[in-house]
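# Structural features, examined
One-letter residues, chain by chain:
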Amino acid sequence: ILSNIINSQIAIHTEYGGVVPEIASRKHIENINPVIRMALDEAGVTLDDIDAIGVTYGPGLVGALLVGVAEAKAIAFAKNKPLVGVHHIEGHISANYVENKELEPPFVALVVSGGHTHLVKVNDYGEYEIVGRTRDDAAGEAFDKVARAIGLGYPGGPKIDKLAKEGNPHAIEFPRAKIEGCEYDFSFSGVKSAVLNYLNGCEMKGIEVNRADVAASFQQAVVDVLVGKAVSAAGKLGEKRIAVAGGVASNSALRAAMKQACDEAGIALCYPSPIFCTDNAAMIASQGYYEYMAGTRHDLDLNAIPNLK
């Protein structure tokens, strides 16, 4: 990586308690050229030195995706460079290649983000097989909703992670969902609802809520499910490596529990540094590299696909 410039919009969206798509799109338009200029300056290169242009084209918020795709197509056209469209979630998985030089397929990837919770068997670079997925809320989405319910605000994940360190993870027994006939699928709407019901019950009875205990107990319920299913799937598939990816991969409780479970099961574990867990350009460049080497090229009719499968 020669440069990895990140312009975060968290401060703006915090005022509204979550991401506002219209604001996100406008800020993308304002920031994209300065970010690219900074990236080129820090890397000490010009657009003429670049081999190919990689860009996320889905899934995600359509307005934000459109800004990136339009910019990438403009550069590719102006400089006559190959254009490589990248799947956002594949980018999260490929963030693991950046620092873990020994990692190569096949392995099992646990993708945990605000919009996705997937167990994926990575058969080869760019070859993925979904083993399990969430049936409702993604883990990150549940973190955000619970954080809002206990008055922590946005972004929920890091705030629950911090508060949970002060609480007892076994203080409240929240449910761990199992789905009949689909042992590796996830469901987090139940645990989210259980937290909301607990809070409502306390309010009705006039019981003071220990927010740290709620945060810790909720986090423990989610982590138990994520770790249990990932390690079980790796064992069943005969894989000796697990990679964790996505924004929730930076959660300290998830990392600690996954490390302990993998050590006990004799499974190698890797995950990116926190800076590469949340959305960043380096992960898209990493996946874009493997796509480019495999001969993937997109024409200038490439479009944003917000619900890309």
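Right, let's walk through the structure included here. (Residues numbered from 1 in each chain as written. Predicted model: local features only at pLDDT ≥ 70, side-chain atom pairs only at ≥ 80, totals over all residues. Heavy atoms only, no water.)

Okay, the environment of Thr14 next. Here Thr14 lies in helix H1 (residues 10-14). It is 7.0 Å that separates the C-alpha atoms of Thr14 and Pro155, two residues lying 141 residues apart in sequence. In contact with Thr14, not counting residues within four places along its chain, are Tyr154 and Pro155. (Helix = DSSP H or I, 4+ residues; strand = E, 2+ residues; numbered from the N terminus. Contact = heavy atoms within 4.5 Å.)

Applying the stated criterion across every chain yields a total of 13 salt bridges. A salt bridge links Glu173 to Arg176, with the shortest nitrogen-to-oxygen separation between them at 3.3 Å. Among the salt bridges present, the one from Lys236 reaches Glu183, with a minimum N-O distance of 2.7 Å. Of this pair, Lys236 sits in helix H8 (residues 211-237) while Glu183 sits in the loop between helix H6 (156-164) and helix H7 (189-205); the two residues are 53 residues apart in sequence, bridging distant segments of the chain. Residue Lys236 is classed as exposed on the basis of its relative accessible area of 59%. Three or more residues are tied together by salt bridges with common partners; here these are Asp137, Glu141, Lys145 and Lys192. (Salt bridge = Lys/Arg side-chain N within 4 Å of Asp/Glu carboxyl O. Buried < 20%, exposed > 50% of the residue type's maximum accessible area, 1.4 Å probe, protein only.)

The next subject is the packing of aromatic side chains. In the structure shown here, the tally under the stated rule is eight aromatic pairs. A centroid spacing of 5.2 Å and a plane angle of 70 degrees characterise the contact between Phe143 and Phe218, whose relative ring orientation is edge-to-face. Of this pair, Phe143 sits in helix H5 (residues 139-149) while Phe218 sits in helix H8, and the two are 75 residues apart along the sequence. Phe143 gets classed as buried once you look at its relative accessible area, which sits at 2%. (Phe/Tyr/Trp six-rings, centres within 6.5 Å; stacked < 30°, edge-to-face > 60°.)

Keep in mind these numbers describe shape, not what the thing actually does.
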